[in-house]
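The residues making up each chain are set out below.
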Amino acid sequence: MSFEKFFKQELTGWMVAEGEHADIVLSTRIRLARNLQDHLFPINASQEDANRVSQALNQAVETMQDHHFTGTTMKDLSPLERQILVEKHLVSPQLINPKKHGSVLLSEDETISIMVNEEDHIRIQCIYPGFQIDQAYEHADQVDSELEVNLNYAFDETFGYLTSCPSNTGTGMRASVMMHLPALTITKQIERIIPAISRLGMVVRGSYGEGSEALGNIYQVSNQITLGKSEEEILKDLGSISKRLIAHEKKSRELLLAKSEVHLENRLFRALGTLTHSRILPSAEAAKCLSDVRLGIDLGIIENIDMNILNELMIFMQPGFLQQYAETELTSDERDILRAQLFRDRLGVVRSATQKKDSDPL
Amino acid sequence: MLCENCKERPATVVFKQETLNDKTERHLCDKCAFYSQTFSFSPDQEPLSIQQFLAHWLGGSELFSEQKADERLPDGPKCPNCDLTFHRFLDIGKFGCATCYVAFSGQLPRLFAKLHNGHTQHRGKIPVSLNERFALKKKLEDIRTKMQQAVENERFEEAATLRDEANQLKQQLSDGGDDQHVI
Ligand SMILES: [Zn+2]
Ligand SMILES: [Zn+2]
């Protein structure tokens, strides 16, 4: 089975607008870090060591009954292909580091990806759409247990799963819920909430943005500690915090609507206008407007736009995808122009007659 | 200089953030450094590197106080498998192999307590193959307790049977590998 299909299929499984609380929760992710006993951790490993680990993984995966995986090493992919895997959240940015010897195994539906020789020998990642913590964990846990039959994991009675970074030791599990929280952001409540949550052993951070600015009002809530709590306890805590955030967000939306409906409408429709009429659309602005339009749909203010198209655009607007679409490398300026065209086309707006038809690469 | 985050307290910590593309520096107070959102271990990326944390909260102030510049620092224990010293571990924030956990076991509870809200012991999933060993060990312990009771109550025949049973279990355990340190 060729690996190429993973680049063609734009709308990956987790990006479909479904699952519980799909209006607010975009996706749920579980990541399990595992290492093999008797092999140096990747940070220390030579190309040969890495190959041995990768071989062991390939063998273990071949014997699995219920799952079928397709694999590739990062070296065999072009820089653009690697970037697309990152933009689809199927691999981490660290895995594609050309100085490392990373590889990945993907399940047919892209729900499970097994990263090999990232920071740890093995990172099993499972992404589900919407709020599905238990389902995502069950799936990741199942893959982990199947792998373990044929692999000798580094495990200690006291410290649990031994990981490269001490912040993962124990369960090796990072569970996260990606949420769209525009009302909490507009009302600035999020600034109070984030530090409070970090005191509960959980972390909230912006989804793509570095620093405090969350691009597109998308936040990721995840567990910070991995030692001393069972997987079930961690997931339960994460679940209850997520639900509180969802309830909070819903309440803030109602309040926003009640307090200043016309101002809110103005803002949301202007965002729609920007997305459907821009000629140059930088990614930060696109993310901000996407957030507003999404809120408009959720509140029933903006109608006749399919949420799946918005999800698709979120993925599509990224540099790697734009360049794949254009089938050439693009400067940042060229990307902003192509992005604007993409949004106009996908949101079904007739272009003005002044624009030349032959300049349209889509 | 004031903390970039709260702009209230003086900045006491410089955090260097490294991503694939660039490097930035943030000047924060102790409190913000500890609680702020940037100070998180994200699934994708560690916006604030763990070695900064280790260096500041473990190495910097307490373990090697005021000796940071001195080249002849005590290296602490060294991993016999990958040669990583504890001092170097604090610098890079990563273990080199599974054996490092054994080599640094004396230092680890304190470190884990700092990182994991006071927790130092795993309470989660156990690999199935180890589960069987745990069950055997537990059974062996039970038998040993019963054996002791039998001896105390002078039921020597029963004690002898139990001893044979225990020996059999011990054999089973050692067939499965090293009894001392199950990894
Ligand atoms: Zn501060
Ligand atoms: Zn080592």
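Residues numbered from 1 in each chain as written. Chains lettered and ligands numbered in written order. Predicted model: local features only at pLDDT ≥ 70, side-chain atom pairs only at ≥ 80, totals over all residues. Heavy atoms only, no water.

A closer look at the overall build of chain A
Here is the rule we go by: Only DSSP runs of H or I with at least four residues qualify as helices, and only runs of E with at least two residues qualify as strands; both kinds are numbered from the N terminus onward. Atoms counted for the radius of gyration: C-alpha only. Globule rule: 2.2 Å times the number of residues to the power 0.38. Each residue is placed in one exposure class: buried if its accessible area under a 1.4 Å probe, protein chains only, is under 20% of its type's maximum, exposed if it is over 50%, and partly exposed if it falls in between. Contacts between residues were defined by any pair of non-hydrogen atoms, one from each residue, lying within 4.5 Å.
What chain A contains, in helices and strands, is twelve helices and ten strands. Taking 2.2 N^0.38 as the reference for a compact globule, 362 residues should give roughly 21 Å; the C-alpha atoms of chain A span a radius of gyration of 21 Å, in line with that estimate. Over its C-alpha atoms, taken along the principal directions, chain A stretches across nearly 65 × 50 × 35 Å. Counting across all 362 residues of chain A, residues that qualify as buried make up 58%. A separation threshold of at least 6 residues defines the contact pool for chain A, and within that pool the share at least 24 residues apart is 72%.

So, unusual backbone geometry
Residues and elements named next belong to chain A. Phi at Asn117 takes a positive value of approximately 60°, unusual for a residue other than glycine. Relative to the elements of secondary structure, Asn117 occurs in the loop between strand E4 (112–116) and strand E5 (122–129). What makes Asn117 buried here is its relative accessible area of 5%. One non-glycine residue with positive phi stands out, namely Asn217, at about 55°. Topologically, Asn217 is positioned in the loop between strand E9 (202–206) and strand E10 (218–223).

Comments concerning the coordination of the zinc ion (ligand 2)
Residues and elements named next belong to chain B. Formally: For Na, K and Ca the donor cutoff is 3.2 Å, while for all other metals N, O and S atoms count as donors only within 2.8 Å; water does not appear among the atoms, so some sites may look incomplete.
With distances of 2.3 Å, the protein atoms coordinating the zinc ion (ligand 2) are Cys79 (SG), Cys82 (SG), Cys97 (SG) and Cys100 (SG). Taken in chain order, the donor set of the zinc ion (ligand 2) reads C-x2-C-x14-C-x2-C. Of the two residues, Cys82 sits in the loop between helix H2 (50–63) and helix H3 (86–92) while Cys100 sits in helix H4 (residues 99–103), which places them 18 residues apart along the sequence. On the basis of relative accessibility, which here comes to 16%, the residue Cys82 falls in the buried class.

Concerning the pattern of salt bridges
Put simply, the test is: For this analysis, a salt bridge means a side-chain nitrogen from Lys or Arg found within 4 Å of a carboxyl oxygen belonging to Asp or Glu.
Overall, the coordinates contain 18 salt bridges over all chains when judged by the stated rule. Residue Asp141 of chain A pairs with Lys125 of chain B through a salt bridge whose shortest N-O separation is 2.5 Å. Taken together, the residues Asp141 of chain A in helix H4 (residues 133–148) and Lys125 of chain B in the loop between helix H5 (108–115) and helix H6 (128–152) connect one chain to another. Put simply, Asp336 of chain A and Arg339 of chain A hold a salt bridge, and the shortest N to O gap is 2.8 Å. Remark: Arg339 of chain A and Asp336 of chain A occur in helix H12 (residues 332–346); sequence separation between them is three residues, near one turn of the helix. One network of salt bridges, with partners in common, ties together Glu118, Glu119, Asp120 and Arg123 of chain A together with Lys94 of chain B.

Side note on the confidence of the model for chain B
Residues and elements named next belong to chain B. How we decide: Per-residue confidence from the prediction method is given by pLDDT, with values spanning 0 to 100.
Mean pLDDT over chain B: 73, with 64% of residues reaching 70 or higher. No element of chain B has a lower mean pLDDT than H2, at 54, and none a higher one than H4, at 96. Every residue in residues 36–48 is under pLDDT 50, and counting partners more than four places away or in other chains gives 56 contacts. Below pLDDT 50 for its whole length, residues 177–183 participates in 21 contacts with residues either more than four positions away or in separate chains.

Section: the sheet that holds strand E1 (residues 25–34) of chain A
Residues and elements named next belong to chain A. Operational definition: In this scheme, strands are said to pair when DSSP sees at least two bridges between them. Here an angle of 0 to 180 degrees is reported between the N-to-C directions of two axes, which are lines fitted to C-alpha atoms, with helices fitted over the stretch in contact.
The antiparallel open sheet is built from eight strands, whose spatial order is E2-E3-E4-E5-E1-E8-E10-E9. Among the strands making up the open sheet, the edge pair consists of strand E2 (69–73) and E9. Within the sheet, the average angular offset between the axes of one strand and its neighbour, ignoring direction, is 20°. Of the pairings in the sheet, the one linking E1 to E5 comprises eight bridges and is antiparallel in character. In the strand pairing of E5, Arg29 is matched with Ile127. Contacts between helix H7 (residues 231–259) and the sheet are confined to E1, strand E8 (173–180), E9 and E10, with E8 contributing the most and set at about 10° to the helix.

A word on the packing of aromatic side chains
Heads up, the condition is: Each pair of aromatic rings taken from Phe, Tyr and Trp, with Trp reduced to its six-membered ring, is defined by centres within 6.5 Å and is described as stacked if the planes are under 30 degrees apart, edge-to-face if over 60, and tilted in the remaining cases. Geometrically, a lysine NZ or arginine CZ counts as sitting over a ring once it is within 6 Å of the ring centre and also within 35 degrees of the ring normal.
As enumerated under the stated definition, the model contains 13 aromatic pairs over all chains in all. Put simply, the rings of Phe159 of chain A together with Phe86, Phe89, Phe95, Tyr101, Phe104 and Phe112 of chain B touch in pairs and so form one group of aromatic residues. Positioned above the aromatic ring of Tyr161 of chain A is the side chain of Arg34 of chain A, whose terminal nitrogen or guanidinium carbon lies 3.5 Å from the ring centre.

As for the pairing of E8 of chain A
Residue and element names in this part refer to chain A. The buried fraction of E8 amounts to eight of the eight residues, a majority that puts the element mostly inside the structure. By the alternation rule, side chains of E8 split into Met173, Ala175, Val177 and Met179 and Arg174, Ser176, Met178 and His180, which are all buried. Relative to E8, E1 runs antiparallel, the two sharing seven bridges. Of the residues in E8, the one forming a bridge with Ile30 is Ala175. Here E8 runs beside E10; their pairing, made up of five bridges, is antiparallel. By the bridge assignment for E10, Ser176 is matched with Ser222.

What to know about the interface of chain B and chain A
The condition is simple: Values labelled buried area give the accessible surface lost by two parts on being combined, using a 1.4 Å probe and summing over both. Two N or O atoms form a polar contact when they lie within 3.5 Å of each other; inside protein one atom must be a possible hydrogen donor and the other a possible acceptor, and for residues adjacent in sequence the pair counts only when both atoms belong to side chains. Side-chain classes follow a simple rule in which Ala, Val, Leu, Ile, Met, Phe, Trp, Tyr, Cys and Pro form the nonpolar group, Asp, Glu, Lys and Arg form the charged group, and the remainder, Gly included, forms the polar group.
Taken together, the contact pairs 50 residues of chain B with 60 residues of chain A. Overall, the association of chain B and chain A removes approximately 4900 Å² of surface from exposure, summing both partners, and the carbon and sulfur fraction of that is 57%. The tally of links from chain B across to chain A stands at four salt bridges. A salt bridge links Glu233 of chain A to Arg123 of chain B; the shortest N-O distance between them is 2.7 Å. The interface formed by chain B and chain A contains 18 residue pairs in polar contact (both at pLDDT 80 or more). Of all the secondary structure elements, the ones that give two or more residues to the side of chain B that touches chain A are H3, H5 and H6 of chain B. Among the elements that take part in the side of chain B that touches chain A, H6 of chain B stands out by supplying five residues, more than any other. Counted by class, the side of chain B that touches chain A contains 25 nonpolar, 19 polar and six charged residues.

Overview of H5 of chain B
All names here are of chain B. The following threshold applies: Comment: arc refers to directions from the helix axis out to C-beta atoms.
Every buried residue belonging to H5 is among Leu108, Leu111, Phe112 and Leu115, and all of these are buried. An end-on view of H5 places all buried positions within 95° of arc, on one side of the element. Just beyond H5, the residue with positive phi is Asn117, at close to 50°.

Concerning the side chain of Arg253 of chain A
Residue and element names in this part refer to chain A. Mapping Arg253 onto the fold places it in helix H7. The buried category is assigned to Arg253, whose relative accessible area is 5%. Side-chain polar atoms of Arg253 contact the side chain of Glu249, separated by 2.7 Å.

What about the packing of helix H10 (residues 307–316) of chain A against H12 of chain A?
All names here are of chain A. Selection rule: In these notes the angle categories are as follows: under 35 degrees is roughly parallel, over 145 is roughly antiparallel, 65 to 115 is roughly perpendicular, and the rest is oblique. Crossing chirality is assigned from the near helix's rotation relative to the far helix, an anticlockwise turn below a right angle marking it left-handed and a clockwise turn marking it right-handed.
Packing of H10 against H12 leaves a shortest axis separation of 11 Å and a crossing angle of 165°. Considered as vectors, H10 and H12 are oriented roughly antiparallel to each other. Handedness of the crossing formed by H10 with H12: right-handed. Residues Ile309, Glu312, Leu313 and Phe316 of H10 pack against Leu342, Phe343 and Arg346 of H12.

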